[in-house]
Protein chains: 2
Amino acid sequence: MEKFVYAFEEGNKDMVEVLGGKGANLAEMTVLGVPVPPGFTITTAACDVFYKDGKKLNDSILAEIDERLVKLESVMGQKLGDDSDPLLVSVRSGAAASMPGMMDTVLNLGLNDISVEGLAKKTGNERFAWDSYRRFIQMFGDVVMGVPHHDFEEALESVKNTKGVEFDTDLDVNDLKEVVSKYKDAIQSAKGTSFPQNPKEQLIMSVEAVFGSWNNDRAIIYRRINNISSLVGTAVNIQTMVFGNMGETSGTGVCFSRNPSTGENKFYGEYLMNAQGEDVVAGIRTPKSIETLEEQNAEVYKQIVEIKDNLEKHYKDMQDMEFTIQEGKLYFLQTRAGKRTGPAAVKMAVDMVDETLISKEEAVLRVDPEALNQLLHKQLDPVAKTEHDALTKGLPASPGAAVGEIVFNAIEARDQVQEGKTVILVRTETSPEDIEGMNAAVGILTSRGGMTSHAAVVARGMGKCCVAGCGDAKINEKEKSLVIGDNSFTEGDFITLDGATGEVFEGKIPVVEPTLSGDFGRLMEWADEFRTMKIRTNADTPHDAETAIKFGAEGIGLCRTEHMFFEGERIKAIREMILSKNVEERKLALNKLLPFQKADFVGLFNVMKGKPVTIRLLDPPLHEFLPKEEEEIKEISTTLNVSVEELNKKIEDLHEVNPMLGHRGCRLGLTYPEITEMQSRAIFEAAKETGAVPEIMVPLVGDVEEFKNQKAIIVGVAKELGVEAYKIGTMIEVPRGALTADTIAKEAEFFSFGTNDLTQMTLGFSRDDVGKFIPEYVEKGVYERDPFQALDQEGVGQLIFIAVEKGRQTRPDIKLGICGEHGGEPSSVEFCNKVGLNYVSCSPFRVPIAKLAAAQAALKQK
Amino acid sequence: MEKFVYAFEEGNKDMVEVLGGKGANLAEMTVLGVPVPPGFTITTAACDVFYKDGKKLNDSILAEIDERLVKLESVMGQKLGDDSDPLLVSVRSGAAASMPGMMDTVLNLGLNDISVEGLAKKTGNERFAWDSYRRFIQMFGDVVMGVPHHDFEEALESVKNTKGVEFDTDLDVNDLKEVVSKYKDAIQSAKGTSFPQNPKEQLIMSVEAVFGSWNNDRAIIYRRINNISSLVGTAVNIQTMVFGNMGETSGTGVCFSRNPSTGENKFYGEYLMNAQGEDVVAGIRTPKSIETLEEQNAEVYKQIVEIKDNLEKHYKDMQDMEFTIQEGKLYFLQTRAGKRTGPAAVKMAVDMVDETLISKEEAVLRVDPEALNQLLHKQLDPVAKTEHDALTKGLPASPGAAVGEIVFNAIEARDQVQEGKTVILVRTETSPEDIEGMNAAVGILTSRGGMTSHAAVVARGMGKCCVAGCGDAKINEKEKSLVIGDNSFTEGDFITLDGATGEVFEGKIPVVEPTLSGDFGRLMEWADEFRTMKIRTNADTPHDAETAIKFGAEGIGLCRTEHMFFEGERIKAIREMILSKNVEERKLALNKLLPFQKADFVGLFNVMKGKPVTIRLLDPPLHEFLPKEEEEIKEISTTLNVSVEELNKKIEDLHEVNPMLGHRGCRLGLTYPEITEMQSRAIFEAAKETGAVPEIMVPLVGDVEEFKNQKAIIVGVAKELGVEAYKIGTMIEVPRGALTADTIAKEAEFFSFGTNDLTQMTLGFSRDDVGKFIPEYVEKGVYERDPFQALDQEGVGQLIFIAVEKGRQTRPDIKLGICGEHGGEPSSVEFCNKVGLNYVSCSPFRVPIAKLAAAQAALKQK
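What you see is a predicted model, and the numbers here were worked out from it, not measured in a lab.

Colleague: Even after reading the chapter, I still don't get the overall build of chain A, so can you show me in this structure?
Modeller: For chain A, the count of helices and strands is 35 helices and 33 strands. Dimensions along the principal axes, computed over C-alpha positions, put chain A at roughly 105 × 60 × 55 Å. Classification of the 862 residues of chain A by burial places 58% in the buried group. Partitioning the contacts of chain A with sequence separation of at least 6, the portion at a separation of at least 24 is 69%. Counting every atom, chain A has about 33700 Å² of accessible surface; 48% of that belongs to carbon and sulfur. Taking the average place of the 97 positive charges on the side chains of chain A and the average place of its 135 negative ones, the gap between the two points comes to 4 Å.

Below you can see the structure in the form of structure tokens.
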């Protein structure tokens, strides 16, 4: 027969699936000889059976609980509900995956009108006993019986009012008795049934409530969002209560085996004497540093240090532990792997290798790649941050922290920075014209656009803090006003952005500078050793490329040529090209661009010194290069000697209802072959000059005929210039391109998955407009994460898989990569490794993250 | 050994693959005893070998040609190049598929400086001989040797100038000899080689040229566009020349075994005495009706009538024939199935069944479904039309013809029609607000938008002529001007539209009214007998539904509820809903809509009398319901008592960069569940009242969670109202929906493929913007046809196939249909039949076309 209840001494840490995380660790500690208050765990399988039996504990489970309880009573020499020395227990949920705060807990179980007196007698502390009792009734009423929290508040308030006191602590024993009585009434009137005096009944009801909380709404949504789907239920831990608030020889604390902020190998923790766990957390009294416990109780301190040393060695990871001292006796209530900052994670991993505690593989697997952001970007001072409430939250578009004066215009951003100011550029959305201002600003805030909007992509490229798509921020650029809720800001006002969370704050919050330690370098070396995928970067300028090379990029996976088109003379020439009335005029204008483009490529090739460089031909719709504002139109009309009317007509002509699905990508090259011609010429001339072997990428191909058309032009130019070493491939970013990859691979030498567009089209989500519903979608669990942030493996991933299969079918040695923004996101990188891509390409500051993620993927796949 | 050359008497009509269409029919006629000038055919396989051998005829083919030529000379008693009675031949291409005008032809081959004298002697007509010679040199020089046409023109002009005459016919023998001499010089100077005098050399060069023309650019593009990919090459026909221009006992003509315009079973044709084929076509002399030939030459006429009777009986189809009379002797040069109008096709097919010439199956297969448009819609008078040049051509968005005065505004269209005018609505693009004006106008012209733009879809629904996406038409609605090239129009000017071709004409062109004959009804009955798919209609109003029922629709496949939202009080209520500040206000506004929606559904259900009705929940983004023009915004501000500022803010808030990929479809229902709630209530209340079993369709589902969310709301309302008979399904229109169809089918009882959106997203083509490049794409052969017109089977079709497979895998009895605009397009209907859909749904006027196409698909698949 299946066993549904395990005493702590019967389990171990590997039984997480059966006992849940908390139960398994309590068992492990018990077996290791760590002093743990005795208890037992009801298994996750029992939870499953509970649901199968229609939300009831069946007789065989009840019998096992009974049997185990009797043994516990005998071990403790106490009895549930006893009138002189009652056994009190806690009932806590604990699933195999961490679901913090999602399920319910009941403490002090076993108290009733009789045992409360027993507890008073035993502890000699009547107030403590009655306070414990009223807390238990409240918790039980709330969690188990479903009485509104508010009913208890009201009862407590009424007693305090009658007495005329402000704090709970001002109530004496009689007052507390009054509270207990009112609490019982509250339950009676809310539920029509009385608070159960039978401790067994209390226990069974509590276990059922905890099992029931497994399927409450927030738990279901939490599991859906965190993709926890394989678990059958939660376990329940029944554990003898110990009290840290039984006087000055009692206490409670939390501690870490190493410093979780810095990673330093030094014991770190806090405690409070005569207190309960919640007091340490609540912050009403200031806890003391763990070292001072040595003076307080040298024996206990020594014991704690020994236990933490053993636990860390045993678990081979930094431990986060909770302990309680009850009248001088030490108990450990929990141990688990401790959360840590990015720098701490790196330092600990490297230190533990040096201490021969873990292997290099384990070290690489242990650091969350996203945590590296904290080593690469400024952070808000974590302590200072807790003192500020965020005004609102947008999308965490590019990590880092920024503090500066608001400006609403890119030109002014540039000018003010030249005057020595530090500014944050605040705009509804950004466009390529804003590049200079974005570059000058320390941070960017937009009210529209998603994780792959212009602002987000460019900011990530620059390694600059950006909060995008912040719908609550009402921005009026003309009137220079930013309104968030009831707060209004204008030019010159200070705000602070947290790019890692998307939070926006009023005023200035201190910032912590990042530092790259030697530990980071060593970890990266190990990552390089284990990973099998190459890491390239998305870089449009020699400067970006240099940054990426420093971070270890092995090539350029995406150079967006249009980003080169916005400076000075270039934008003029491109506008002339757009406004030209025939092919001859167009060629003339393109000829002016040729030397610029060529110089750009020479620059890139020189920086990359023979590493592969993939250059994408012109991609955006032409209207992106035309001005939008009236004033600028006038200005340009003068510069280009074209009437305002004609200019407006052209703008109107080029207007598109859905530009993302419009005249762009290779569709431009098909209708204006001279653009492809000019760009190919610039690339090949630069290649001749530098000896580079360029990879030319045709964007937005949905049919092989489009590709053939463009390839013919490119090959023609190569032949004319006598260039022989080059590759021609395509982006797979239109669903039809993926579906017909077998045909396209007949012609294309490489595929690069453009997952931004592929996501847009596969899901039908405009990256510029999803801000309106994606947050709600993620909240409701329709999508686990923003699909522009983490690759949608089920949908988009399926198309990638189809394209990889079909592509290799036709051309077994086809080179495959990804250059969408997902290329630097760990779960997406793991997917890329799984489907067998040759490389991922990401923005320069993401290169280390991609490397680490690639190494982890390779190790996991072994 | 493979045989590469067949004498006509060795082949037959079933050898089309080997001998090409022309060769097979010449052979068939020869075998039937029809007088055909003797000759032979070089096979398509020889063409294939020609290319494999590097564009050269190999020795074994040359030997076969030689052998066959000797036999021909002996049959004819003539010799190539003979100085007294030379054999002259034609060299014509002829592939297995019709490729009109795509490949080359050489006539009068065999003439040289010697045989021209022989021909003069033999015919006693020296001028005829030299004129034939100079025509041959010109044709040979152009087609075979690649001398620019212009060089020959120049030579001819110079002789005419010297002589001082205007027409070729004014040149005498000596002039023609001069022309021949100049032609030979032209060849020499253009090519550096002389015109070949050896007739054998002429022949071989001509055959090679015809084979070579198989792969000229226009032939390749023609094949790509017409999806002709399985052929290996063209055949070449060598045939003895006969001349209809050898005097008054000679002549030439074309004739049809039945009237190709009306279908009447009456001999129909034209001829000219003393003329060549090209004279009949050129229209310089007016040809005579075929009956008058009886007076001219009763014997020959009788012979022609006998032959045409035999040929029609033999081929069991109306024949289009060419004949030549040479000095009283009749020759047939060609026979093939004749092209016919829609009404003629129907009449002939039905007549031939009555004549027991063909079976009902054959009759159904013989009529091009698209040709039924000519029976259902007005047509431009075909004769009158030839007298007008189109100003420009847009997309043929909805068939029919329209003549009317231009108006630029929907309100004015309505008003002017009430005043008794006939108007054409001319707009950049239309929006749902224009419905009334569109309904009043006889035709619609837009400058933007594709085959599935608002104007196109609505016009097709109304059965109204529409030319959409006419980029050349510059429309300024404010200034009331329409400019096409150099032509300017304003309000009140007349224009004419041909919706079947997309042509736009100045002024008025006579129009032919459609008539539905009893033959049509019989053909439809037969189609119903053979088809296996059901035909439903897309109808939003009882009126549309009635029209469709008349055409035989078997249900409604798509009722777009939002089309009900634009009239009077409704649009006010929906605007109130959009402007509401919280859920309560929103529910209040929705409650106002409820009675309207319910009444709509009651109306629909009553018309449909128990036939299935699929109702799609609200689909378009909410901004479509808000006004765009300043004036209207002011007006609405007053009506709704909302400030203009607030209204503008809401419009700005709802603005989307790519609305097609934005907040629409079930995404609306997810964020505003009360909309789904109201619509479900209206549907179920109407169902209760009428006893209908509604099918509720959730639009734009990309993930099963979206569907579950909406289904829960719908089921909730059904339970509340005690309705039990209904189905809930989804549109598959987002690629991800197709890719995850297995999961979605767990919840959805039916799928309807929304191929408009599925095409947009799979190809990345905005239906509103493709006008800018789709025409060029089709012209360049990237796509065979506009993918919004004919389903892209390779790409979109692959997703449909995946969804069908996956859907049936989870739910074997899932009901599958299509409700995109492709549902009425024959090749798409055939595809739907092939993948096993249960029904197609199309606009009411397309129902007969869909029925016929479905019957053909079922017959072909047998």
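Colleague: Looking at this structure, I do not really get the pairing of strand 20 (residues 473–476) of chain A. What am I missing?
Modeller: Put simply, side chains in a regular strand alternate between the two faces of the sheet. Residue and element names in this part refer to chain A. Burial of the side chains of strand 20 is restricted to one face: Ala473 and Ile475 are buried, whereas none of Lys474 and Asn476 on the reverse face is. One ladder, built from four bridges, connects strand 20 with strand 21 (residues 481–484); its direction is antiparallel. Bridge assignment links Lys474 to a residue of strand 21, and that residue is Val483. Connecting the antiparallel pair strand 20 and strand 21 is a turn made up of four residues, with Lys480 showing a positive phi of about 50 degrees.

Colleague: What is the right way to read the relation of the copies chain B and chain A from this model?
Modeller: Mapping one chain copy onto the other needs a rotation about an axis and a shift along that axis. Relative to chain A, chain B is turned by 179 degrees and slid 0.2 Å along the rotation axis, the superposed coordinates differing by an RMSD of 0.2 Å. Taken together, the rotation and translation relating the two chain copies correspond to the operation of a two-fold axis. Relative to the rotation axis, the closest C-alpha in chain B is found at Asn658 of chain B, a distance of 2.1 Å. Both copies present the same face, since 100% of the interface residues in chain B are matched by interface residues at the equivalent positions in chain A.

Colleague: Looking at this structure, how should I read the interface of chain B and chain A?
Modeller: Frequently, the measure chosen for interface size is the accessible area that the parts lose on association. Between chain B and chain A, the contact holds 55 residues from the first and 55 residues from the second. In total, about 4800 Å² of surface goes out of reach between chain B and chain A, with carbon and sulfur atoms giving 52% of it. Linking chain B to chain A there are six salt bridges. Across the salt bridge formed by Arg448 of chain A and Glu652 of chain B, the nearest N and O atoms sit 3.1 Å from each other. For the pair chain B and chain A, the number of links is 33 residue pairs in polar contact (both at pLDDT 80 or more). Looking at the side of chain B that touches chain A, the elements that each hand over two or more residues are helix 25 (644–654), helix 26 (666–671), helix 28 (704–721), helix 29 (735–739), helix 31 (755–763), helix 32 (774–779) and helix 33 (796–810) of chain B. Split into classes, the residues belonging to the side of chain B that touches chain A amount to 19 nonpolar, 16 polar and 20 charged.

Colleague: Looking at this model, I keep getting lost on the pattern of salt bridges. Mind explaining?
Modeller: Oppositely charged side chains can pair when the atoms bearing their charge come close. Evaluation of the coordinates by the stated rule reveals 137 salt bridges over all chains. Across the pair Arg531 of chain A and Asp528 of chain A runs a salt bridge whose closest N-O atoms are separated by 3.0 Å. Its relative accessible area of 11% is what places Arg531 of chain A among the buried residues. What makes Asp528 of chain A partly exposed here is its relative accessible area of 31%. Measuring nitrogen to oxygen at the nearest pair gives 3.7 Å for the salt bridge that ties Lys13 of chain B to Asp14 of chain B. On the basis of relative accessibility, which here comes to 26%, the residue Lys13 of chain B falls in the partly exposed class. It is possible to trace a salt-bridge network through shared partners that takes in Asp131, Arg134, Arg135, Glu157, Lys160 and Asp168 of chain A.

Colleague: Just to check I follow, could you spell out helix 27 (residues 673–690) of chain B for this structure?
Modeller: Side chains that are three or four residues apart share a direction in an α-helix, a result of its 3.6 residues per turn. Residues and elements named next belong to chain B. Between its first and last C-alpha, helix 27 extends 26 Å over 18 residues, near the 26 Å set by a 1.5 Å rise per residue. Inspection of helix 27 places Glu674, Ile675, Thr676, Met678, Gln679, Ser680, Arg681, Ala682, Ile683, Phe684, Ala686 and Ala687 among the buried residues, and these make up the whole buried set. Where helix 27 is buried, its residues touch helix 22 (568–579), helix 23 (583–608), strand 28 (613–616), helix 26, strand 29 (695–698) and helix 28. Where helix 27 terminates, the next one or two residues include Gly691, which has phi positive at roughly 80 degrees.

Colleague: Would you explain the sheet that holds strand 30 (residues 727–732) of chain B in this entry?
Modeller: In a beta sheet, neighbouring strands pair by backbone hydrogen bonds and run either parallel or antiparallel. Residue and element names in this part refer to chain B. With parallel pairing, the eight strands of this closed barrel are ordered in space as 26-27-28-29-30-31-32-33. For this sheet, the mean angle separating the axes of adjacent strands, direction not counted, is 25 degrees. Across four bridges, strand 31 (residues 750–753) lies against strand 32 (residues 815–818) in parallel orientation. If you follow Phe751 over to strand 32, its bridge partner there is Leu816. Strands in contact with helix 28 are strand 29 and strand 30; relative to strand 30, the strand with the most contacts, it is inclined by about 150 degrees.

Colleague: Please clarify how the sheet that holds strand 22 (residues 487–490) of chain A should be interpreted in this entry.
Modeller: All names here are of chain A. The three strands are arranged 20-21-22 in an open sheet whose pairing can be described as antiparallel. Looking at the sheet topology across the chains shown, the edges are occupied by strand 20 and strand 22. On average, each strand axis in the sheet is inclined to that of its neighbour by 15 degrees, with strand direction left out of account.

Colleague: Even after reading the chapter, I still don't get the packing of aromatic side chains, so can you show me in this structure?
Modeller: Two descriptors summarise a pair of aromatic rings, namely the distance from one centre to the other and the angle between the planes of the rings. All chains considered together, the criterion is met by 43 aromatic pairs over all chains. Consider the rings of Phe267 of chain A and Tyr301 of chain A, whose centres lie 6.4 Å apart with planes at 45 degrees: the pair is tilted. With a gap of 34 residues between them, Phe267 of chain A in the loop between strand 8 (251–256) and strand 9 (268–273) and Tyr301 of chain A in helix 12 (residues 298–315) connect regions that are remote in the sequence. Considering the side-chain rings of Phe684 of chain B and Tyr726 of chain B, the 5.0 Å spacing of their centres and the 70 degrees angle between planes classify their relative orientation as edge-to-face. One end of the pair, Phe684 of chain B, is in helix 27; the other, Tyr726 of chain B, is in the loop between helix 28 and strand 30, and 42 residues separate them in sequence. Given the relative accessible area of 18%, Tyr726 of chain B is considered buried.

Scoring rules and cut-offs
Residues numbered from 1 in each chain as written. Chains lettered and ligands numbered in written order. Predicted model: local features only at pLDDT ≥ 70, side-chain atom pairs only at ≥ 80, totals over all residues. Heavy atoms only, no water. Helix = DSSP H or I, 4+ residues; strand = E, 2+ residues; numbered from the N terminus. Buried < 20%, exposed > 50% of the residue type's maximum accessible area, 1.4 Å probe, protein only. Contact = heavy atoms within 4.5 Å. Areas by Shrake-Rupley, 256 points an atom, 1.4 Å probe, with all protein chains shown as cover. Lys, Arg positive; Asp, Glu negative; His and termini not counted. Charge placed at Lys NZ, Arg CZ, Asp CG, Glu CD. Pairing = 2+ DSSP bridges. Least-squares fit on C-alpha atoms with pLDDT ≥ 70 in both. Buried area = accessible area lost by both parts, 1.4 Å probe. Salt bridge = Lys/Arg side-chain N within 4 Å of Asp/Glu carboxyl O. Polar contact = N/O pair within 3.5 Å; in protein donor to acceptor, adjacent residues only side chain to side chain. Nonpolar A, V, L, I, M, F, W, Y, C, P; charged D, E, K, R; others polar. Expected span 1.5 Å × (residues − 1). Axes fitted to C-alpha atoms, helices over the stretch in contact; angles between N-to-C directions. Phe/Tyr/Trp six-rings, centres within 6.5 Å; stacked < 30°, edge-to-face > 60°.

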